[in-house]
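# Fold and geometry: a report
As a plain string of letters, each chain reads:
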Amino acid sequence: MNKNRILTAVTGALAATVFTFSAGVHAEGNYVMGTATTGGTYYPVGVAISTLVKVKLEPTSNISVSAISSAGSGENLKLMDEGQIQFGILQGLYGAYAWNGSGPVPKAYKDMRSVTMLWQNVEHFVVDSKYVKTGTIDDMTNLYGESFSIGARNSGTEGSGRYILGNAGIDLDKLEMAYLGYGPSADAMQNNNIEGMNIPAGVPASAVTRAYANMGKDITTLDFTAEQLAKVNSEFELWSPYTIPAGTYPSQEKDINTIAQPNILAVRADVPEEDVYQITKTVYENLPFLNNIHPATKAMALEKAIAGLPMPLHPGAERFFREQGLTIPDRLVAK
């Protein structure tokens, strides 16, 4: 299938899947995947996966997936728990909260399983270079009493930023928090209204690119050491090392050794093993197909498929990954 035909298929899928749950979305024999709002990345990636499944599996195996817009991770968990949808894209930290029934999630969702990591949210803790002594996240202590943008209020950016900094030993009460989105954070840094910003995003992050283009060596993105990563992962084994190569951002002369958490595809535990196996197999045998639909899928690779998953693998996904030679840690084996 050439790129034009792929895009035609996706256009049709997009037109077919922008609807709400009140209309009824689950036909017997088909699966439904919750994503997020249509303006973000979750939705088009969900549509890309569902299009692939329909093209490759529906004609031969009668397996199909419809991607629908939703309010994101929280609603996806609720709808999966209620059986209204079978698959959902989740933020890794939110998946960990859900599996453990902790943080903002009111109960443990033990009927959920992981399918695969999709792409990573790479942590960018960007600060004014005058505060940099070690070059690591410990330098956040040098911002005590200064203004730092943690992210929009009540956003996943704020939640994950607070979680990371708190686990890394930073006293959040000593920072003067600003609650700005990505673009406004970059603008505020350039205008000297804040001394740092929290930008978790795929690489390259446009807000970080803009800040580096205008401020160059006056700003630094902080590294994480292995010991600091261990602190962040003290509750959930979720984040993994991530290297942003030199030259990714303007005036960035050295690699940035940061960390990243996964966005994951989750599934109800009662979906048949063979169906999840076939879907997982189809995804990894057709990554170029997905890459042509949405660039976020270019981060997907078999060797990264289980990195940072917050809940056990579905047996169908586990079977495929073992066939491919991956070593599955005990914590990802469903009991």
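Everything discussed here concerns the structure shown above.
First, a word on what this report is: a plain description of the structure on this page. Computed from a predicted model, the values in this text were never measured in an experiment.

Conventions adopted
Residues numbered from 1 in each chain as written. Predicted model: local features only at pLDDT ≥ 70, side-chain atom pairs only at ≥ 80, totals over all residues. Heavy atoms only, no water. Phe/Tyr/Trp six-rings, centres within 6.5 Å; stacked < 30°, edge-to-face > 60°. Helix = DSSP H or I, 4+ residues; strand = E, 2+ residues; numbered from the N terminus. Buried < 20%, exposed > 50% of the residue type's maximum accessible area, 1.4 Å probe, protein only. Lys NZ or Arg CZ within 6 Å of the ring centre and 35° of its normal. Axes fitted to C-alpha atoms, helices over the stretch in contact; angles between N-to-C directions. Parallel < 35°, antiparallel > 145°, perpendicular 65-115°, else oblique. Left-handed = near helix turned anticlockwise from the far one by under 90°. Contact = heavy atoms within 4.5 Å. Nonpolar A, V, L, I, M, F, W, Y, C, P; charged D, E, K, R; others polar. Pairing = 2+ DSSP bridges. Core = buried A, V, L, I, M, F, W, Y, C linked by side-chain atoms within 4.5 Å. Salt bridge = Lys/Arg side-chain N within 4 Å of Asp/Glu carboxyl O.

### Overview of the packing of aromatic side chains
In total, this model carries 12 aromatic pairs according to the counting rule given. Centroid distance Tyr-31 to Phe-87: 5.8 Å. Interplanar angle 70°. Geometry classified as edge-to-face. Here Tyr-31 is found in strand β1 (residues 31–34), whereas its partner Phe-87 is found in strand β3 (residues 87–91), with 56 residues between them in sequence. The burial state of Tyr-31 is the same as that of Phe-87; both residues are buried. When the centroid spacing of 5.6 Å and the interplanar angle of 15° are considered together, the rings of Tyr-163 and Trp-239 count as stacked. Of the two residues, Tyr-163 is situated in helix α6 (residues 156–167) and Trp-239 in the loop between α9 (226–232) and β9 (240–244); the sequence distance between them amounts to 76 residues. An aromatic cluster of three or more residues is present, and its members are Tyr-97, Tyr-163, Phe-236 and Trp-239. A cation over a ring is seen here: Lys-107 above Tyr-109, with NZ or CZ 5.3 Å from the ring centre.

### A few points about unusual backbone geometry
Notably, Asn-62 is not glycine yet its phi reads approximately 60°, a positive angle. Within the fold, Asn-62 resides in the loop between α3 (58–61) and β2 (65–68). You will see that Asn-192, though not glycine, has its phi angle at about 60°, which is positive.

### Looking at the packing of helix α10 (residues 273–285) against helix α12 (residues 315–323)
A packed helix pair is summarised by two numbers, namely the angle formed by the two axes and the spacing between the axes. Taken N-terminus to C-terminus, the directions of α10 and α12 make an angle of 45°; their axes are 7 Å apart at the nearest point. On the basis of their axis angle, the class for α10 and α12 is oblique. Considering the relative orientation of α10 and α12, their crossing is right-handed. Counting all contacts with α10, which are made through Glu-273, Glu-274, Val-276, Tyr-277, Thr-280, Lys-281 and Tyr-284, the residues of α12 involved are Pro-315, Gly-316, Ala-317, Arg-319, Phe-320, Phe-321 and Glu-323. Grouping the amino acids of the contact of α10 with α12 by side-chain chemistry returns seven nonpolar, two polar and five charged.

### Description of the environment of Glu-158
Secondary-structure assignment places Glu-158 in helix α6. Residue classification places Glu-158 among the buried positions, given a relative accessible area of 11%. Through-space distance from the C-alpha of Glu-158 to that of Pro-200 is 9.7 Å; in sequence the pair is 42 residues apart. Once you skip the residues sitting within four places of it in the chain, Glu-158 turns out to touch Ile-150, Gly-151, Ala-152, Arg-153 and Tyr-179.

### Let's talk about the packing of helix α7 (residues 182–190) against helix α8 (residues 206–215)
Contact geometry of α7 with α8 gives a least axis separation of 9 Å together with a crossing angle of 15°. Regarding the angle of α7 to α8, the classification is roughly parallel. In this structure, the crossing between α7 and α8 has a hand that is right-handed. The residues of α8 that touch α7, namely those facing Tyr-182, Gly-183, Ala-186, Asp-187, Met-189 and Gln-190, are Ala-207, Arg-210, Ala-211, Asn-214 and Met-215. Each residue belonging to the contact of α7 with α8 can be placed in one class, and the counts come to six nonpolar, three polar and two charged.

### Digging into α12
Restricting attention to buried positions, one finds in α12 the residues Gly-316, Ala-317, Glu-318, Phe-320 and Phe-321. Considering only its buried residues, α12 is in contact with β4 (112–128) and α10. Gly-325 lies just past α12 and shows a positive phi near 90°.

### A short note on the pairing of β1
The two faces of β1 match: Tyr-31 and Met-33 on one face and Val-32 and Gly-34 on the other face are all buried. In terms of strand pairing, β1 meets β2 through four bridges, oriented parallel. Note on β2: the bridge partner recorded for Met-33 is Ala-67. Pairing of β1 with β3 involves two bridges; the strand directions are parallel. Opposite Gly-34, over in β3, you have Gly-88 as the bridge partner.

### Some details on the nonpolar core
Residues Phe-87, Met-140, Leu-165, Trp-239, Leu-290 and Phe-321 are the most contacted members of the largest nonpolar core, which totals 84 residues. At seven residues, β4 tops the list of elements feeding residues into this core. Each residue touching Leu-290, except ones within four places of it in the same chain, is listed here: Ala-48, Ile-49, Leu-52, Val-283, Thr-297 and Met-300. Among the nonpolar cores identified, the runner-up in size contains 21 residues, and Ala-205, Ala-207, Met-215 and Ile-244 belong to it.

### Quick look at the pattern of salt bridges
The full count for this structure, using the stated rule, is 14 salt bridges. Residue Arg-162 pairs with Glu-158 through a salt bridge whose shortest N-O separation is 3.0 Å. Placement of the pair is Arg-162 and Glu-158 together in helix α6, with a separation of four residues, close to one helical turn. Through salt bridges with shared partners, one network takes in Asp-111, Arg-268 and Asp-270.

### Details of the pairing of strand β10 (residues 256–268)
Of all 13 residues making up β10, 12 are buried, and the element is well covered by its neighbours. Strand direction decides the pairing type here: β3 and β10, joined by five bridges, are antiparallel. If you follow Gly-88 over to β10, its bridge partner there is Ala-266. Looking at chain direction, β4 and β10 are connected through nine bridges and run antiparallel. Bridge pairing in β10 places Trp-119 opposite Asn-263. Note: β9 against β10, five bridges, orientation antiparallel. What sits directly across from Pro-241, in β10, is Ile-259.

Note that every value here comes from positions in space, so none of it alone points to a role or purpose.
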